[in-house]
Amino acid sequence: MTKALLTLSGISKQFDGKTILNELSLTIGDGEFITLLGPSGCGKTTLLRMMAGFEHPDRGSVTLSGTDITQTPPERRPLNTVFQNYALFPHMSVFDNVAYGLKMEKRPKTEIRERVEEALAMVQLEDFSGRKPHQLSGGQQQRVAIARAVVKRPKMLLLDEPLSALDYKLRRTMQVELKRLQRELGITFVFVTHDQEEALSMSDRIVVLKDGYIQQLGTPREVYERPANVFTARFIGQTNFFPGRVTRVDGKRISVDVLGLNRELNTPSFRVSVNQLLHVLLRPEDIRVLAPEDTEGVPGKIIERNYKGSTLDSVIELEDGREVMASEFFDEDDPAFDYSLGERVRVSWVDGWEWLLAEESDEPLTDEEELAADVAEH
Amino acid sequence: MRWLSRSYLALVYLLLYVPILVLVVFSFNDSRTGYNWGGFSLRWYESLFSNHAMVQAMWNSLWLALTAATVSTIIGALTALALHRYRFRGKKVLNGMLFVVMMSPEIVLAISLLGLFMLVGLKLGYVSLLLAHVTFCLPFVVITVMARLSGFDERLPEAARDLGASEFTVTRTVLIPVIMPALMAGWLLGFTLSMDDVVVSTFVSGPGYEILPLRIYSMVRVGLKPEVNALGSLLLVFSLVMLMLSQWILSRSKQ
């Protein structure tokens, strides 16, 4: 990571006796695209508002480039925010909206005109400077909000679910554009979202939050492929959880009894002992669906199949009633492959593609979290 | 059926506008006795403007309405802001009391105000009129401004502060412009209410400060003089101008 730009240390915050953030520490590097991801109520928006200066922590400190800004009001922080519903000033034209921040700095008129035009050109809205916000589409309003926030050349741009009000296609376009902007401007982006797909595709690093705690901090690949706990694994992407029991520990290898199969797996980073219970995690795309006459794997039958264009997604019910999600790419040898419901298959995977997690004390997940994870997936 | 609905409509409009039309036409009537036409004349307008007491009453009324509307808009807007923004003890009571003032019969308000002024020994005149008018205009302003504030996006002041504006600058450049139409509407409402109030004013005005509605009322009591028609026509023109002004302001600030 490059030089630290913003450091949060030991941040705690309560609202009406309810703990929102709990002893949270986080360092954001200069120029990175970092995403705060979590279900609603996880504290991600509060954390962002604390960076912007709209909230102040009960305990802990916020430091920007070595200067303590914990109690600095928002108007004196060199950071700018893109709000969820844009919060454009309805009585001002697009030009005046973007110029607002520069007027506050009492910049000369010619400089303001130049910089506003530059910012509007950057978001491809040069021809709209005379319009009022209500005369623009959602996507255009979004661009004005971005232009208004970056025109001041902040050290850091805070984005509070900026794409949530846009439809799917526009959202994809804006994702690409935000990335481009971030590369061009070279400023740090802190992005809040509950959309895990958005987080994975845009971020340099992802902070997974739940109940005011950081669940995991890592690159999209780390968070997806090596989730730190059950929550992260469930929240990001879809995962099959198989119960496993350690039968033998031998240095770098362990033997695990999973679904009646005895598999030789790599020793995980946490301590394991014989008879310990484990979660064996497999992403749907890591599942191998085999023919019923195969000797490998666990037998089951197809109970659901969904054609997804590039993949064929299926749900396989094993003999013990457990359901397994599988996602297979179409093979160039057999572009027409398909399953019929009730078809008998066997389920397996390639050793080494699984991910192991220790059983957690607070399991199973509550319904609420299941729901949050479900919502996040869609 | 078509002619039936048309004539029904015509009848409705006739009933609405004939009295006003008669008033305007007869204000230009040369005849002294009100109900026969004696030719076109501007004599009633002349006599109206040469009537010093009448002109004085007109100015008094205008000044009173202007100040009452302004004072009640300022107090009302601040009250609405406080009610909108802060949670405090007695907020509901305060809110309810506004409605009590608005709903209670004018005569009750008039008597209680008179009693109050007597009690504190306030000399009846401009000040007592102003206080009374501000009292009954206030709830209308508060309700108008509150309605506008309820649709106000709380993120706007935050966005302004985020861009470097101090609390005072936010109020000046964001809050006031956004609620401006409501302030204008509240002011005009207050102005109109003050301009044509008779009941409360009768109780709290003193001999030294005569206002137009009371003057007209006393004129009519001794018999309908044609000057009243002229005065009515002038007031009509005045209200039409005010109406157009408010419409123009509203259409300009419409989003």
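Residues numbered from 1 in each chain as written. Chains lettered and ligands numbered in written order. Predicted model: local features only at pLDDT ≥ 70, side-chain atom pairs only at ≥ 80, totals over all residues. Heavy atoms only, no water.

K.L.:
Tell me what's going on with helix α3 (residues 109-122) of chain A, and back it up with residues and numbers.
P.N.:
All names here are of chain A. Taking 1.5 Å of rise per residue, 14 residues should cover 20 Å, and α3 covers 20 Å from first to last C-alpha, within 8% of that figure. All of the buried residues in α3 are I112, R115, V116, A119, L120 and M122. Buried residues along α3 cover an arc of 155 degrees about the axis, so they all sit on one side. Relative to its buried face, α3 has exposed residues pointing more than 90 degrees away, namely T110 and E114. Buried residues belonging to α3 abut α2 (94-104), α4 (138-150) and α5 (168-185). Following α3 by one or two positions, Q124 has its phi on the positive side, about 60 degrees. (Helix = DSSP H or I, 4+ residues; strand = E, 2+ residues; numbered from the N terminus. Expected span 1.5 Å × (residues − 1). Buried < 20%, exposed > 50% of the residue type's maximum accessible area, 1.4 Å probe, protein only. Arc of directions from axis to C-beta. Contact = heavy atoms within 4.5 Å.)

K.L.:
With reference to specific residues and values, describe the sheet that holds strand β17 (residues 311-318) of chain A.
P.N.:
Residue and element names in this part refer to chain A. Sheet architecture is open: 5 strands sit in the order β15-β19-β16-β17-β18, paired in antiparallel fashion. The open sheet terminates on both sides in strands that have one partner only, identified here as β15 (287-290) and β18 (323-329). Here the average twist between neighbouring strands, direction ignored, is 45 degrees. The pairing of β17 with β18 spans 7 bridges and is classified as antiparallel. The partner of V315 across the bridge, within β18, is M325. (Pairing = 2+ DSSP bridges. Axes fitted to C-alpha atoms, helices over the stretch in contact; angles between N-to-C directions.)

K.L.:
I'd like a description of helix α1 (residues 2-27) of chain B, backed by residues and values.
P.N.:
Under the 1.5 Å per step criterion, the end-to-end length of α1 of chain B is 37 Å for 26 residues, consistent within 8% with the ideal 38 Å. Largest kink in α1 of chain B: about 40 degrees, centred on Y17 of chain B, with the proline P19 of chain B one to four residues after it. (Bend = angle between axes of the 7 residues up to and from the residue.)

K.L.:
An account of the pattern of salt bridges is requested, with residue identities and associated values reported.
P.N.:
Enumeration according to the criterion identifies 33 salt bridges over all chains in this entry. The salt bridge partner of E75 of chain A is R161 of chain B, with a shortest N-O separation of 2.8 Å. With E75 of chain A in the loop between β5 (67-68) and β6 (79-82) and R161 of chain B in helix α7 (residues 155-162), this residue pair bridges two chains. For R161 of chain B, a relative accessible area of 22% puts it in the partly exposed group. The partner of R322 of chain A in a salt bridge is D320 of chain A, and the shortest N-O contact between them spans 3.8 Å. What makes R322 of chain A partly exposed here is its relative accessible area of 30%. (Salt bridge = Lys/Arg side-chain N within 4 Å of Asp/Glu carboxyl O.)

K.L.:
Can you explain unusual backbone geometry? Please cite residues and give values.
P.N.:
All names here are of chain A. The phi torsion at R153 lies on the positive side, around 50 degrees, for a residue other than glycine. Relative to the elements of secondary structure, R153 occurs in the loop between α4 and β7 (156-160). Overall, the relative accessible area of 54% leaves R153 in the exposed class.

K.L.:
I'd like to hear about empty space enclosed by the protein, residue by residue, with values.
P.N.:
Going through the model one piece at a time under the given rule, you end up with 1 cavity of 30 Å³ or more. For the largest cavity, the calculated volume is near 50 Å³. What lines the largest cavity is simply L48, R49, A52, F54, T81, F83 and D160 of chain A together with R155 of chain B. (1 Å grid on protein atoms, 1.4 Å probe; cavity = no way out; pocket = protein on both sides within 12 Å on 5 of 7 lines; lining within 4 Å. Points joined across faces, edges and corners; volume = space filled by probe spheres on them.)

K.L.:
Requested: an account of the interface of chain B and chain A, with residues and values cited.
P.N.:
Listed as interface residues are 19 residues of chain B and, on the opposing side, 22 residues of chain A. When chain B packs against chain A, the two sides together hide about 1,900 Å² of surface, and 60% of this comes from carbon and sulfur. Applying the counting rule to chain B against chain A returns 2 salt bridges. Linking chain B with chain A are 7 residue pairs in polar contact (both at pLDDT 80 or more). Every element with two or more residues in the side of chain B that touches chain A is listed here: α7 and α8 (167-195) of chain B. For the side of chain B that touches chain A, the leading source of residues is α7 of chain B, giving 7 residues. Classifying every residue of the side of chain B that touches chain A by side-chain character gives 9 nonpolar, 5 polar and 5 charged. (Buried area = accessible area lost by both parts, 1.4 Å probe. Polar contact = N/O pair within 3.5 Å; in protein donor to acceptor, adjacent residues only side chain to side chain. Nonpolar A, V, L, I, M, F, W, Y, C, P; charged D, E, K, R; others polar.)

Note that all results are geometric; they support no functional claim without further evidence.
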